[in-house]
Amino acid sequence: MAQEADDKSNYVPNMAYSDIYLGHLQRLPLSGWWRIRRVSADRIDHADDEGRQRGYTDPDCDDSGWDRDLVPGNLQSPFLSEVKTRSKESLAWGGVAYFRRDFVAPAQRPGERYFLHFDDVNGNMAVYVNGKHMVSTTVSRMDISEYKGPTATHDIDVTAAVIPGGRNQVAIRFYHSGKPVKPWGYGNTIGILGPVYLDVRPAQFARDILVTPQADLAHVLVECTTDGEGEGTAAGWTGEVFEWDSGKVVAQLALVATARAGDGPQLSGEARIDQAKLWSCESPFLYGVKLRDHSGATVGVKRFGMRSFGVRGSEFLLNGQPVFLRGIVLDQALFGFMTPGNLFGFKTNQHQLQRRYWQAIRDLNVNHIRFHSTLMNTLTYDLLDEMGILCCDELSFPQQAIKAPKRSDKIDTKLFAEFCDDQGELSDEFRDYLSWRLRYLYSHPAAATFSFGNEIRQGDDYPDGRVGRMFNRLYDFYHGIDKQNRPCTPSSGRFWKETSNMAECAAGDKLDYIDTHDYTGTINNLPLGYVEYSLQNFIGKAKEHFSPLPPIVNGELLCIMNNYYPWAFDDTWASEDADEPNWPVLLKVLNTFHEEHRDCAQCCFCPIRNAGVKSYRFRREESCTRDIEFILSANRKAWPELDGFEALQKPLVVNSASGPLFPYDGGWQTAPRGEALQRACAPSIAIFDYVAPNRFCGDELPLSAHVINNSESDIAAAVLRVQMVLDERQV
């Protein structure tokens, strides 16, 4: 332990892979070691705290006795701490803290300005440079909103305070209540949660560069807003399109003013790329556009891909060709941000940790991810662009958990008071946030679809139609801004799998695709043999109510838990070789488990139904991987009427993600469940009909084989070879 603590204390962060624009802009990374001092822990933002009394933001403040921590980082899990040795109270800290660090500012040419950038901060902060107050920012819904990714980026002009070429000091007063606190004791993820850097920019520069490939996939529209000092200096701006990896310039454009936006003109220009190389999942080619002012100085850079993603009839189209979404569901909880160092390592891509993770996911034949009510950090989308992984951006709302839920796809209710009025009209604050979020994602070729929430349906929870009206306003808002016209759905899982609200949604919802959550074969749903029947029933009902039929996505499936309860099941079978179970014990368990241990039953009855108690007792992982392959194969078999799925299954790849990722050099290994998903997600696949166990006797059983090709190229001559194995012998 002493050696490990010493290694962590002496760790030298490397920001070389933290930002794809480091080689293109005048940018100084400020992530890494900072000094930090907590001055309160009572969740109250005291106006006259210790830091204000003692001048903790003054440049000559002696911070030599302060703690050290890595930024970005979660204040609930300091890098140099060990969770196992900390008190429960310290894992849910809330109060005021001060951050400080020194930096040497790059030299400044005449007219250039310094901007301090924070990519993601969850909490209120006041920023000081060399003792001068620069800005104060706040977060809304602090006590009720669980961290779901950035809600704003902060770009602060600090030119008036920075000493060019000299040593400078930045100090931050930070406050967060630490709420909401999880039932198991962990507080909210809070602190400076994204990279920090200092930019040197021309007097006037490009902000929010938006790149839209045109329908012919040869022309590209580039738009930006100008910001900075100087009226009219954006005249004469030009741009060059270049291949991102080689740097080869392939097109030029001139920017002209098109409209007013904020304090600066909106500029746009169009370029034609001869023989453009398209971005796709199997060939994710990337371009960049560099904007220059009249003097030739770089005023902005944006990476993009030439691709289109949309809907035609009942199909998703990638570059005009049908595509099947072989997806998974992820959120930030997977990466263990309560474990010291995990957030820093992941968000700054130490030793290319995050890149290696997404490569491991792509190697599972995954071409799509729905980020469950989560906005990821900028670097994540940059890496997905490189990997060729499409993603769904999904909004989140504050929620209240349902105690002892009866259904696995109805576990909470959402709160909408601050987002829309009783008629579903979007609030001004919400519109501003949505505009920022769309700009944040806009030019990423990986950003393909939008969901306005998770499992938000009409009915008992929202009976007055308000939510449906809000969704329709969101649909109009997105399509009014997004010139790429990417597909939207009101909510992932909005359609009950048993189709009880199909007619209602068909009559009232504006949508581009249908999203249901069909867990058949897992958790507390129907057994394995009903997977295909459930899918076909849903598709059949959708055909009755929609013409033409939109694309359909099974947005959550395959939730097979790891849970095993030895106190209940260890005595049901004496051994794997036993001919029969201990019947009195087994019957007692099965008869009482559901009533007395509902949550536990929801996790274990599925594998018992599918493979029996003996399999659950002795061969859980083997049974699980078989079920994964069958359920995903059944969904693949429903193509082209089913257009994709998003598997909610873990672990797929492992690197002690629930523990420490430090020292960040471990490889990501494919877990057995990941191997099963990899086989079922192969672009080209052969599938046999399902044979239910214990339902066949005789010498012959007719089966159909289905060969499906969802790759981006045709297969000229397909050959199906079948090998039959019994007791490890080929028969």
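Residues numbered from 1 in each chain as written. Predicted model: local features only at pLDDT ≥ 70, side-chain atom pairs only at ≥ 80, totals over all residues. Heavy atoms only, no water.

Glancing now at the side chain of Asn655. With respect to the helices and strands, the residue Asn655 is situated in the loop between strand S34 (653-654) and strand S35 (669-670). Look at Asn655 and you get buried, because its relative accessible area is 13%. A polar contact is formed between the side chain of Asn655 and the backbone oxygen of Gly667, at a distance of 3.5 Å. Beyond its immediate chain neighbours, meaning those up to four positions away, Asn655 contacts Leu353, Leu661, Gly666, Gly667 and Trp668. (Helix = DSSP H or I, 4+ residues; strand = E, 2+ residues; numbered from the N terminus. Buried < 20%, exposed > 50% of the residue type's maximum accessible area, 1.4 Å probe, protein only. Polar contact = N/O pair within 3.5 Å; in protein donor to acceptor, adjacent residues only side chain to side chain. Contact = heavy atoms within 4.5 Å.)

The strand order across the open sheet built from 3 strands is S21-S22-S23, with neighbouring strands paired in antiparallel fashion. In this open sheet, the two edge strands, each paired with only one partner strand, are strand S21 (309-312) and strand S23 (321-322). Pairing geometry for S21 and strand S22 (residues 315-318), over 4 bridges, is antiparallel. Residue pairing across strands places Val311 opposite Phe316, the latter belonging to S22. (Pairing = 2+ DSSP bridges.)

Moving on, we come to the nonpolar core. Core analysis: the biggest nonpolar cluster contains 96 residues, and Trp358, Ile361, Ile369, Leu474, Tyr478 and Leu632 have the highest contact counts within it. Top contributing element to this core by residue count: helix H7 (residues 466-481), with 7 residues. Apart from residues no more than four positions distant in its own chain, Ile369 is found in contact with Ile328, Leu330, Trp358, Ile361, Leu384, Ile389, Leu390, Cys391 and Cys392. Listed in part, the 29 residues of the second largest apolar core include Trp34, Leu75, Phe174 and Ile192. (Core = buried A, V, L, I, M, F, W, Y, C linked by side-chain atoms within 4.5 Å.)

A separate point is the environment of Glu728. Counting through the fold element by element, Glu728 comes out in the loop between strand S38 (725-726) and strand S39 (729-730). Taking C-alpha positions, Glu728 is 60 Å from Lys290, a pair spaced 438 residues apart along the chain.

Right, let's get into the pattern of salt bridges. Side chains carrying opposite charge are able to pair once their charged atoms draw close together. Overall, the coordinates contain 39 salt bridges when judged by the stated rule. Here Arg173 makes a salt bridge to Asp45, at a shortest N to O gap of 2.8 Å. Remark: Asp45 occurs in the loop between strand S2 (32-38) and helix H2 (50-54) and Arg173 occurs in strand S10 (residues 167-176); sequence separation between them is 128 residues. Exposure remark for Arg173: the relative accessible area of 6% places this residue in the buried category. On the accessibility criterion, Asp45 (37% relative accessible area) is partly exposed. (Salt bridge = Lys/Arg side-chain N within 4 Å of Asp/Glu carboxyl O.)

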